[in-house]
Amino acid sequence: MPPVYKLVIKTLNKQNFISHGRDVIRIECEALGHLANRIGESFDQACKLTLACQGRVILVGMGKSGHIGGKIAATLASTGTPAFFVHPGEASHGDLGMITPGDLLIAISSSGETPEMLAILPIIKRMGVKLIVMTGHCNSTLGETADVCLDVAVER
């Protein structure tokens with residue numbers, strides 16, 4: 001365990017853990033409430049694009065966003081929607097061949113400016129692949145390139 005974690009654990013007692021746990025849940029509930037208020041026309045468009053997809057749904061994301069993308073792909077696949085995750089860093093090194101014109105790409109990026117994601121945009125667009133972006137910044141490069149941008153920003 002890294003020293004910084006050991007220090008944090010030493011300074012917390014049972015009451016701190018309970019209090020901190022409750023605070024985390026309150027923060028998450030508040031964030032979900034804010035997200036629910038942003039469900040609108042773009043969400044409707046994203047659902048329609050997904051339902052109209054003749055190919056597969058491909059998720060991409062770097063870091064934690066990539067882990068979330070992998071989970072979404074696994075959930076879609078287990079419920080009958082052909083879906084898989086492509087690591088954007090690998091995409092520009094040959095894995096773009098896994099994506100076909102009938103597919104739908106869902107890109108997840110907090111900033112909307114992830115270099116590995118931006119590198120594959122021209123090819124995706126040239127192929128005519130529809131793009132849904134989930135980001136905290138719809139005015140970012142990814143957000144503005146998307147067919148649909150879903151605002152998934154969080155305060156904390």
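Here the structure is shown first, and the text comes after it.
Note that this is a predicted model, so its numbers are computed, not measured. (Residues numbered from 1 in each chain as written. Predicted model: local features only at pLDDT ≥ 70, side-chain atom pairs only at ≥ 80, totals over all residues. Heavy atoms only, no water.)

*Asks:* Any chance you could explain the overall build of the protein here in plain terms?
*Replies:* Looking only at helices and strands, the protein has 7 helices and 5 strands in total. For the protein, the sequential pattern of α-helices and β-strands runs α-α-α-β-α-β-α-β-α-β-α-β. Seen through its principal axes, the protein has C-alpha atoms that stretch 55 × 35 × 30 Å. Burial analysis of the protein (156 residues in total) assigns 28% to the buried set. Put simply, of all contacts in the protein between residues at least 6 apart along the chain, 68% involve residues at least 24 apart. If you sum the accessible surface of the protein, you get close to 9500 Å²; carbon and sulfur atoms cover 61% of it. (Helix = DSSP H or I, 4+ residues; strand = E, 2+ residues; numbered from the N terminus. Buried < 20%, exposed > 50% of the residue type's maximum accessible area, 1.4 Å probe, protein only. Contact = heavy atoms within 4.5 Å. Areas by Shrake-Rupley, 256 points an atom, 1.4 Å probe, with all protein chains shown as cover.)

*Asks:* Please explain the sheet that holds strand β5 (residues 148-151) as it appears in this structure.
*Replies:* Two strands in a sheet stick together by hydrogen bonds in their backbones, pointing the same way (parallel) or opposite ways (antiparallel). One open sheet accounts for 5 strands, arranged β2-β1-β3-β4-β5; its pairing is parallel. Bordering the open sheet on either side are β2 (83-85) and β5, each of which pairs with just one other strand. Recorded for the sheet is a direction-independent mean angle of 20 degrees between the axes of neighbouring strands. One ladder, built from 3 bridges, connects strand β1 (residues 57-61) with β2; its direction is parallel. Bridge assignment links I58 to a residue of β2, and that residue is F84. Across the sheet, helix α3 (residues 41-52) is in contact with β1, β3 (104-109), β4 (130-135) and β5; its angle to β5 comes to roughly 130 degrees. (Pairing = 2+ DSSP bridges. Axes fitted to C-alpha atoms, helices over the stretch in contact; angles between N-to-C directions.)

*Asks:* Teacher, can you tell me more about the pattern of salt bridges here?
*Replies:* Side-chain pairs of opposite charge can arise whenever the charged atoms involved come near each other. The tally for this structure, following the rule as stated, stands at 5 salt bridges. Linking D23 and R26 is a salt bridge whose minimum nitrogen-to-oxygen distance equals 3.2 Å. Here D23 pairs with R26, and both are found in helix α2 (residues 14-37), just 3 residues apart, close to one helical turn. (Salt bridge = Lys/Arg side-chain N within 4 Å of Asp/Glu carboxyl O.)

*Asks:* How should I be thinking about helix α6 (residues 115-127) in this particular structure?
*Replies:* The largest bend along α6 measures about 35 degrees and falls at L121, with the proline P122 one to four residues further on. Restricting attention to buried positions, one finds in α6 the residues M117, I120, L121 and I124. If you follow the buried residues of α6, they end up packed against β1, α5 (88-91), β3, β4 and α7 (141-145). One or two positions beyond α6, positive phi appears at G128, with a value near 80 degrees. (Bend = angle between axes of the 7 residues up to and from the residue.)

*Asks:* Any chance you could explain the side chain of T114 here in plain terms?
*Replies:* Within the element layout of this structure, T114 appears in the loop between β3 and α6. Under the relative-accessibility criterion, T114 is labelled buried at 15%. Not counting chain neighbours up to four residues away, the residues in contact with T114 comprise M62 and S109.

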